[in-house]
Amino acid sequence: MLNKPTWSILAVTVGISLTACKILPTQSADSGDAAAFNPDKMVEEIWAAKVVPYLQQKAGPFPEVHALAKTDPAAAGSKYGNPNKQANSPWTFAVRLEGKIVASNTQSRAATMDVDVDGDGKADARVQTGPAMRGTALRDSLDFVQFNDFTNQIDFAQFGKAFNAYAGKTVLSKLPRDALEGRTAKILGAYTLESGQDLPLVTPAEAEIGPKP
């Protein structure tokens, strides 16, 4: 049994220890990661070496991919996208798209052009030309990018937006903006199968627009 003086010393020591624990600054585990995390640089480093070659190898012709996507999204996603996606995420597909531009909206920052792929005069796909672009289709089509590789949902989302920003800066900013109707378009990119869409919304990684007819 502790005698009285020893007990007093122990109580004081414990009190000091507890007080010290309360006032010690605690550094967030995320704070260091946030400073080091640079999604724009990460995308720039893998774009030419991994992203474009992957899309070139994985992409299928848009009519073929979209026909399969409408009947069997999982089969289309496994063949033309990322079969290791999160279970609750929609399927995303890499595509090659070539056809005639039948409409365009270049007045908005979220500019688009509608492309007729099968030659019937009607749009089959809507292609984003930015600079503002929706979604994370480019990121989500890559089988070497997984959510679990990131610290949190915010970092993963920022990484997805960085693909759009890089494509906008290096590819889409060089495209013509005027008198697009009637020109041909050739696109390598990706789109996500979403309900309620009028047209599949394709985000390009490569894009060419032909001369005026």
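Since the structure is predicted, the reported quantities are computational estimates derived from the model, not experimental observations. (Residues numbered from 1 in each chain as written. Predicted model: local features only at pLDDT ≥ 70, side-chain atom pairs only at ≥ 80, totals over all residues. Heavy atoms only, no water.)

This part is about helix α3 (residues 39–58). Over its 20 residues, α3 extends only 23 Å from the first C-alpha to the last, a length that falls short of the 28 Å expected when each residue adds 1.5 Å. Of all the residues in α3, the buried ones are P39, V43, I46, W47, V51, V52, Y54, L55 and K58. (Helix = DSSP H or I, 4+ residues; strand = E, 2+ residues; numbered from the N terminus. Expected span 1.5 Å × (residues − 1). Buried < 20%, exposed > 50% of the residue type's maximum accessible area, 1.4 Å probe, protein only.)

A separate point is the packing of aromatic side chains. Going through the model one piece at a time under the given rule, you end up with 9 aromatic pairs. On the basis of an interplanar angle of 55° and a centroid distance of 5.8 Å, the ring pair of F62 and Y191 is categorised as tilted. Of this pair, F62 sits in helix α4 (residues 62–71) while Y191 sits in strand β5 (residues 184–192), and the two are 129 residues apart along the sequence. The exposure classification of F62 matches that of Y191, with both residues buried. When the ring of F159 is compared with that of F163, the centres are 4.9 Å apart and the planes differ by 75°; the resulting orientation is edge-to-face. Of this pair, F159 and F163 are both found in helix α7 (residues 153–170), 4 residues apart, which corresponds to roughly one turn of the helix. Looking at F163, the relative accessible area reads 0%, which means it is buried. Following the ring pairs from residue to residue traces out a cluster consisting of F37, F147, F150, F156, F159 and F163. Its guanidinium or amino end placed over the ring of F144, K50 lies 4.3 Å from that ring's centre, counting from NZ or CZ. Directly above the aromatic system of W91 lies the positively charged group of K85, at a separation of 4.6 Å from the ring centroid. (Phe/Tyr/Trp six-rings, centres within 6.5 Å; stacked < 30°, edge-to-face > 60°. Lys NZ or Arg CZ within 6 Å of the ring centre and 35° of its normal.)

Of all residues in the protein, 83% have pLDDT values of 70 or greater, and the mean over the chain is 85. Mean pLDDT values over the elements of the protein span from 39, in helix α1 (residues 4–23), up to 98, in strand β1 (residues 60–61). This stretch, residues 1–32, has a pLDDT under 50; its non-local contacts, to residues over four places away or in other chains, come to 4 contacts. (pLDDT = per-residue confidence, 0-100. Contact = heavy atoms within 4.5 Å.)

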